[in-house]
Amino acid sequence: MTKSRKTFITILSTILIMLLALLFLFPLVWMIASSMKTESAIYNDLGGIKAFLPGLNPAHWGSAYQKLLGRFNIVRFILNSVFYALAVTFGSVLVNSAAGYAFSKFDFRGKKFLFGLLIASMVVPGDTIMIQKFQIIKTLHLINSPWAVIFPAVAGAFNIYMFKNFFDQVSDSIVESAELDGANVFTIYWRVLLPMAKPVIATVGTLSFIGSWNDYIWPLMVLTDADKFPLQVAITNINNTQPVYMNQVMAILTISTVPLILIYMFFQKYLVQGLAVAGNGDK
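Residues numbered from 1 in each chain as written. Predicted model: local features only at pLDDT ≥ 70, side-chain atom pairs only at ≥ 80, totals over all residues. Heavy atoms only, no water.

Colleague: Tell me about the environment of Asn57, and name the residues and values.
Modeller: Following the sequence through the fold, Asn57 ends up in the loop between helix H2 (39-44) and helix H3 (63-71). Given a relative accessible area of 36%, Asn57 falls into the partly exposed group. On a C-alpha basis, the gap between Asn57 and Met36 in space is 9.3 Å, while along the polypeptide they are 21 residues apart. (Helix = DSSP H or I, 4+ residues; strand = E, 2+ residues; numbered from the N terminus. Buried < 20%, exposed > 50% of the residue type's maximum accessible area, 1.4 Å probe, protein only.)

Right, dumping it as structure tokens:
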């Protein structure tokens with residue numbers, strides 16, 4: 001392949017990628033711009049380039065957010081979402097890393113069968129077992145409790161698989177050396193292996209946080225008290241509360257979306273690194 005042909009392919013690929021990125025960015029830009037306009041300006045600007053620009057008057061840029069905060073207890077919903085997401089993230093890292101450590105470094109009867117069953121469960125859609133999970137939560141008397149949102153989201157087959165694959169790549173000689181120094185099973189896990197798994201921890205933690213933040217159906221099923229609703233569930237109530245103002249709808253959607261974008265931007269490097277490390281090889 002000639003140099004000019006390679007240059008042409010590179011330029012063409014770059015243009016296509018930019019066009020695809022713009023295609024996905026248009027709704028996001030329109031949402032943010034609409035949250036910074038008056039109600040009438042949103043409809044007047046539809047169909048033109050002004051739809052993707054904020055209002056001309058800077059005084060109106062934050063009015064939708066101020067009115068939204070005045071009508072609804074948005075801060076409470078945000079704090080609820082942050083609490084659920086952080087609890088799920090912390091629990092997910094601990095539970096899945098411990099399970100991955102056990103599958104990787106322990107030998108016990110039925111290990112291969114259990115791990116195969118775990119992998120097979122990854123192809124089962126979560127919606128198909130939602131009723132069963134609800135029955136378990138109901139039996140445990142956790143309905144309308146924050147734990148009803150947190151517990152089912154902690155363990156995940158894919159997260160266990162990632163940690164297991166990473167620990168498989170850690171030489172057994174490191175574990176044996178720690179044992180010779182008098183370290184027990186928990187000490188080896190907590191002080192030796194877990195600090196080495198920072199890329200996977202960042203990946204699992206980020207995915208768990210994003211998954212919990214975006215969760216809608218499950219919290220809606222197990223929570224009955226509106227004060228305990230996460231932001232995603234509260235958005236539905238806000239959108240159904242009359243009168244409905246489009247700029248305020250766009251404002252609440254922006255509030256729920258922008259934190260995830262920032263998190264992904266900051267942790268993108270660790271996400272890619274963790275997925276690459278955990279996906280290399282398997283015993």
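Colleague: Would you mind going over the packing of aromatic side chains in detail, with residue names and values included?
Modeller: Under the counting rule described, the total for this entry stands at 14 aromatic pairs. Where Trp147 meets Phe151, the ring centres are 5.4 Å apart and the plane angle is 20°; that geometry is what we call stacked. Pair noted here: Trp147 and Phe151 are both in helix H7 (residues 146-154), with a separation of four residues, about one helical turn. On the basis of relative accessible area, Trp147 is assigned to the partly exposed category, the value being 41%. Between the aromatic rings of Phe166 and Phe167, the centroid separation amounts to 5.9 Å while the plane-to-plane angle is 70°, which identifies the pairing as edge-to-face. Residue Phe166 is classed as buried on the basis of its relative accessible area of 9%. Taking NZ or CZ as reference, Lys164 lies 4.7 Å from the ring centre of Phe115, over its face. (Phe/Tyr/Trp six-rings, centres within 6.5 Å; stacked < 30°, edge-to-face > 60°. Lys NZ or Arg CZ within 6 Å of the ring centre and 35° of its normal.)

Colleague: Mind laying out the pattern of salt bridges, listing which residues take part and the relevant values?
Modeller: Under the counting rule described, the total for this entry stands at three salt bridges. Of the charged contacts, one joins Asp107 and Lys111 as a salt bridge, the two residues approaching to 3.6 Å between their closest N and O atoms. Judged by relative accessible area, which is 74%, Asp107 ranks as exposed. Under the relative-accessibility criterion, Lys111 is labelled buried at 18%. Lys164 is the salt-bridge partner of Asp168, the closest N and O atoms lying 2.9 Å from each other. Of this pair, Asp168 and Lys164 both sit in helix H8 (residues 157-168), four residues apart, which is roughly one turn of that helix. Judged by its relative accessible area of 10%, Asp168 falls in the buried class. (Salt bridge = Lys/Arg side-chain N within 4 Å of Asp/Glu carboxyl O.)

Colleague: Talk me through the packing of helix H9 (residues 172-180) against helix H10 (residues 185-196); I want residue IDs and the actual numbers.
Modeller: One can describe the packing of H9 onto H10 by two numbers: an axis separation of 11 Å at closest approach and a directional angle of 150°. By the criterion of interaxial angle, the relationship of H9 to H10 is roughly antiparallel. Pair H9 / H10 crosses with right-handed handedness. Here Ile174, Val175, Ala178 and Glu179 of H9 lie close against H10, whose contacting residues are Ile188, Val192, Leu193 and Met196. (Axes fitted to C-alpha atoms, helices over the stretch in contact; angles between N-to-C directions. Parallel < 35°, antiparallel > 145°, perpendicular 65-115°, else oblique. Left-handed = near helix turned anticlockwise from the far one by under 90°. Contact = heavy atoms within 4.5 Å.)

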